[in-house]
Structure formats: structure tokens, C-alpha cells
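Inside the fold
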Amino acid sequence: GVLMACPMNAYLEQELEKRFRLFRFWQVPQKPQFLKEHAASIRAVVGSSVAGADAELIEALPRLEIVSSFSVGLDKIDLGKCREKGIRVTNTPDVLTEDVADLAIGLCLAVLRRICASDKYVRSGKWKKGDFRLTTKFTGKTVGIIGLGRIGTAIAKRAEAFNCPISYNSRTEKPDCKYKYYPSVVELASNCHILIVACPLTPETRHIINREVIDALGPKGVLINIGRGPHVDEPELVSALVEGRLGGAGLDVYEHEPEVPEELFGLENVVLLPHVGSGTVETRNAMADLVLGNLEAHFTNKPLLTPVV
Ligand code: 8YV
């Protein structure tokens, strides 16, 4: 049997149903009772950025062999526990890189050029009454990227096409990298106009965007987050935006999704998206195929397509 931790994708659900006995955990009203009955038959968990396999679930599934995540991010999986128990883990890298990078650039443009606010201006009939305010140029702005992995690199490549000088922060400097490295996030923030979060969420990167970083970015600075909500100390971000201490923000992720701080709803310099970085039909299908391919490989004793553990 396969346990799906949360709803994610109709095509994936349909294909899992065809191949396995599928349990939908989010529909289970009495979870302890369900686990008592079915734990012994569950050999795989399919998770996502919403829910995965924490220590408690892993402990409750004695025959678990593999956790296959419908996400590149692994923050909802207890990797240490999986390693300890010899449970394999897979994710969905590469297939979503371009979409997430595209959306990061989209957020830059949307925030600086006020695309959403301008759309609202037209739809509300205000254009006929005049009073349009000028916006801010994106081309040539300095861009700082936290996390120069697959997604960070794809964002850098796109920003280069806009003639943006690129700098970055990561745990270690990348050898042979043409972008300027800052070992400290505060220094990176002090030296860029747009700061983009593109690193994995780990205990070390939780609240990597704190008050000090926000102040370093300053009233003309813009924060873009396509990583994970908990990368940002959200109450600090909200107060900086409300008080005008930060120039703007483009957010695809939040600390308590789907809860979004309502103080942001009235701000024209903020663009709010509902965690849709990978949300195209093409990419979500490719992610589903990777989840299915990894399970298939595991259960036929072939090498996993995208192993993490
Ligand atoms: C989600 C993501 O997995 O890949 C990731 O890490 O956050 C997304 O692709 C997707 O939205 C399903 O929750």
C-alpha cells in the first residue's frame, strides 16, 4: 500500500490508484485507529511541501521502505530518521527549476513595475480619473541570491539577461563562479537592491531573513521569497513593510500557509502568490511522473531516478 500524506495532484492520485492500494491520509478521521489497522501494509509514503513524513509517522509505519516527495524541498521529511531506518527518500529536482526561476523574475517585475496594482487600477476604472504613479526600473538592478543551487543559478541566468549584477550567499563559495560571494547574508543584503531567497529550508536557514537583514536591505530594497515561508521572520517582514522600512516584497510562500498576514493585503508594493512556483500543468505532470518513476524503480529493484537518501 501507498500512503498519500496530503492532496497534491489529480493525475498523480489517479496513477497511484491504478498501481497500488492507495490510502489518502488527509481523509482519515481517526489517524491512530487507521494506523493500527493499516500500518503493516504501508510500504511507501508520498508527500509534498504541505505534508511529508515526520518522525512520528515514520515510527508508526514499521514496514515503510520509501518516502517519495512531490517536491524538491525536503523540509517536511525527517531525513535523519529515514537514514537511521534505511528508508529511501526521493524528490522532484530539475523538472521544476525553470518554472520557479521564471516566477522569481515575474515577482521582481511585478513588484518593481507594480503590475498587479496597475491591473487593479485599470479594472477599477481609476485610469479614467488619472493620477498614475511612476514605478521602478528592474533592468540593471543589483540582485542578491541566497542559495546558488539549481533554482538560484537559473534565477541568476535570467537576471543576467536583464543586465543585473549578481551576487550570492551560500554555505560555501562556489568554485569557478563568476558571481560575487558574500559569506554573510547581512552583507549581501547591504549590497543589493533585490534579495531573492532560493535555498532549502533547514534549521540553519530558518529565519535567515531577520530584522537585521531587512534593515540592511532598506527602504529601497525588495525581498523575493520563492523558497519556504519559515526562511523569513514574517512578523518582522510585515512590520518593516507596514512601516515603510522595506521597499517591497514578492512572496510565493508564508510561515503558516495558507494563512497570509492580512496587514499586507492593502500594500501596493507587495505581490502575494499562493505557493505556485512549480504550478504549471507541464511541470506538475513531470513531478508526478518522477514520483511514479521512483516508486516503480524502488519496487522493481532498479536504481532510483532522483534519490536523496
Ligand atoms: C510543492 C515545492 O511541492 O517543490 C517544492 O519544494 O514547494 C512545490 O513544488 C508543490 O506546490 C506541492 O505542494
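Residues numbered from 1 in each chain as written. Predicted model: local features only at pLDDT ≥ 70, side-chain atom pairs only at ≥ 80, totals over all residues. Heavy atoms only, no water.

Okay, the sheet that holds strand S11 (residues 248-251) next. Read from one edge to the other, the open sheet built from seven strands follows the order S8-S7-S6-S9-S10-S11-S12, with strand pairing classed as parallel. Strands at the two margins of the open sheet, each flanked by one partner only, are strand S8 (180-181) and strand S12 (270-272). In terms of strand pairing, strand S7 (residues 166-169) meets S8 through two bridges, oriented parallel. When the sheet's bridge partners are listed, Ser167 is paired in S8 with Lys180. (Pairing = 2+ DSSP bridges. Helix = DSSP H or I, 4+ residues; strand = E, 2+ residues; numbered from the N terminus.)

Alternating positions in strand S6 (residues 143-146) separate into two faces, Val143 and Ile145 on one and Gly144 and Ile146 on the other, with burial throughout. Inspection of the sheet shows S6 paired to S7 by four bridges, in the parallel sense. Across the sheet, the residue bridging to Ile145 is Tyr168, located in S7. The β-α-β motif built from S6, the intervening helix H7 (residues 150-161) and the parallel element S7 has right-handed crossover chirality. With four bridges connecting them, S6 and strand S9 (residues 194-197) associate as parallel partners. From the neighbouring strand, Val143 faces S9, where its bridge partner is Ile194. (Buried < 20%, exposed > 50% of the residue type's maximum accessible area, 1.4 Å probe, protein only. Right-handed = clockwise from strand over helix to strand, strands pointing away.)

So, on to the domain arrangement of the chain. The domains assigned to the chain are domain 1 (2-94 + 280-299) and domain 2 (97-272). Relative placement of domain 1 and domain 2: their C-alpha centres are 31 Å apart. Contacts between domain 1 and domain 2 engage nine residues on the former and six residues on the latter. Interface area for domain 1 against domain 2, summed over the two sides, is near 600 Å², with a carbon-plus-sulfur share of 41%. Here Asp94 makes a salt bridge to Arg150, at a shortest N to O gap of 3.1 Å. Where domain 1 meets domain 2, there are five residue pairs in polar contact (both at pLDDT 80 or more). Of the residues contributing to the side of domain 1 that touches domain 2, the split by class is two nonpolar, five polar and two charged. (Domains from an automatic or database assignment. Contact = heavy atoms within 4.5 Å. Buried area = accessible area lost by both parts, 1.4 Å probe. Salt bridge = Lys/Arg side-chain N within 4 Å of Asp/Glu carboxyl O. Polar contact = N/O pair within 3.5 Å; in protein donor to acceptor, adjacent residues only side chain to side chain. Nonpolar A, V, L, I, M, F, W, Y, C, P; charged D, E, K, R; others polar.)

Here the focus is H7. The end-to-end C-alpha distance of H7, which contains twelve residues, comes to 17 Å, matching closely the 16 Å that a straight helix rising 1.5 Å per residue would cover. Taken as a whole, H7 has its buried residues at Ile151, Gly152, Ala154, Ile155, Ala156 and Ala159. Looking at the buried residues of H7, the elements they touch are helix H5 (97-112), S6, S7 and S9. Just past H7, the residue Asn163 takes up positive phi, approximately 55°. (Expected span 1.5 Å × (residues − 1).)

Right, let's get into the packing of helix H1 (residues 10-19) against helix H11 (residues 281-299). Relative to each other, H1 and H11 sit at 25°, their axes nearing to 9 Å. On the basis of their axis angle, the class for H1 and H11 is roughly parallel. The crossing of H1 and H11 is right-handed. Across from Tyr11, Leu12, Glu15, Leu16 and Arg19 in H1, the residues of H11 making contact are Asn285, Ala288, Asp289, Val291, Leu292, Leu295 and Glu296. Its residues placed into classes, the contact of H1 with H11 shows seven nonpolar, one polar and four charged. (Axes fitted to C-alpha atoms, helices over the stretch in contact; angles between N-to-C directions. Parallel < 35°, antiparallel > 145°, perpendicular 65-115°, else oblique. Left-handed = near helix turned anticlockwise from the far one by under 90°.)

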